[in-house]
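Given next are the chains, with one letter for each unit.
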Amino acid sequence: MKKYFLFVAFFVSLGFIAFAADLPDQITRFAVIDTARVYDAYYKDSTPIRNYEAKKAQFQAEIDKQVEAIRQLQIKLNEYKQKNDQANALKMEAQISEKTAILTEYTKAKNIELENLKNSLKSSDQFYQSLYDVLERIAEEGGYTMVLSLQDTSSILWYSPSVDITNDVIRRLGL
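Cut-offs used in this document
Residues numbered from 1 in each chain as written. Predicted model: local features only at pLDDT ≥ 70, side-chain atom pairs only at ≥ 80, totals over all residues. Heavy atoms only, no water. UniProt positions renumbered as here; feature names shortened; annotations may be inferred. Helix = DSSP H or I, 4+ residues; strand = E, 2+ residues; numbered from the N terminus. Buried < 20%, exposed > 50% of the residue type's maximum accessible area, 1.4 Å probe, protein only. Salt bridge = Lys/Arg side-chain N within 4 Å of Asp/Glu carboxyl O. Contact = heavy atoms within 4.5 Å. Expected span 1.5 Å × (residues − 1).

Per an unreviewed UniProt entry, the recorded name for the protein chain is OmpH family outer membrane protein, and the organism is Candidatus Treponema excrementipullorum. Quoted straight from UniProt, the Sequence similarities (unreviewed entry) entry for the protein chain says "Belongs to the Skp family."

Here is the structure:
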């Protein structure tokens, strides 16, 4: 019976040693990615981004034009006030108020339009499919069991730069 106990203890010990030797393979490895940097690298030279930037510049030019028109009206208003021309000063104040309200509405509408356009660019299925394919390959090659986005910082309190795979993703996307 003593031999049987030693025999069982020996095999249990071997099993434990094999299990313990396999533990390093079982450790969960995390990687992080700065998706904002990937988006910037991916989109900086794309046609949709150039169109977005052109539209943004066009909107800004119109805003600048309207701001300059309001500034000119304010100069006239000051001239009327210096001449004590109350009737024309009141008319000028009304025009300034009207143009300022129009500018405010225009700016709001165009900012919403630009934000929607930007969001649609970021939700491109083709981009996401490429990104996830590359992430999957890098994670499997690096032995990572989980890849976290740095943009969701509510759960990432600290990370070592050695687990940041952002540059590898950008390089593999060909950006």
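Turning our eyes to something else, we now look at the environment of Q60. Inspection of the secondary structure puts Q60 in helix α3 (residues 47–82). For Q60, a relative accessible area of 40% corresponds to the partly exposed category. Along the sequence, Q60 and K110 sit 50 residues apart, while their C-alpha atoms lie 9.3 Å from each other.

We now examine the pattern of salt bridges. Applying the stated criterion across every chain yields a total of 8 salt bridges. One salt bridge connects R71 with E68, and the closest N-O pair in it is separated by 2.9 Å. Placement of both R71 and E68 in helix α3 is noted, with a separation of 3 residues, approximately one turn of the helix. The class of R71 is partly exposed, set by a relative accessible area of 40%. E68 sits in the partly exposed class, given a relative accessible area of 32%. Each of E141, D168, R171 and R172 takes part in a single network of salt bridges with overlapping partners.

Moving on to the side chain of Q66. Structurally, Q66 is set in helix α3. Aside from chain neighbours lying at most four places away, what touches Q66 is I102, L103 and Y106.

All right, on to α3 then. Compared with the 52 Å implied by 1.5 Å per residue over 36 residues, the 52 Å span of α3 between its first and last C-alpha is a close match. Within α3, burial applies to I49, Y52, F59, I63, Q66, I70, L73 and L77. The positive-phi residue at the C-terminal boundary of α3 is N84, with phi of around 60°.

What follows deals with the environment of K44. Relative to the helices and strands, K44 resides in the loop between α2 (35–43) and α3. It is 9.3 Å that separates the C-alpha atoms of K44 and L175, two residues lying 131 residues apart in sequence.

A word on the environment of Y106. For Y106, the position within the fold is in helix α4 (residues 86–122). Y106 sits 47 residues away from F59 along the chain, and the two C-alpha atoms are 9.1 Å apart. Apart from residues lying up to four places away in sequence, Y106 is in contact with F59, E62, I63 and Q66.

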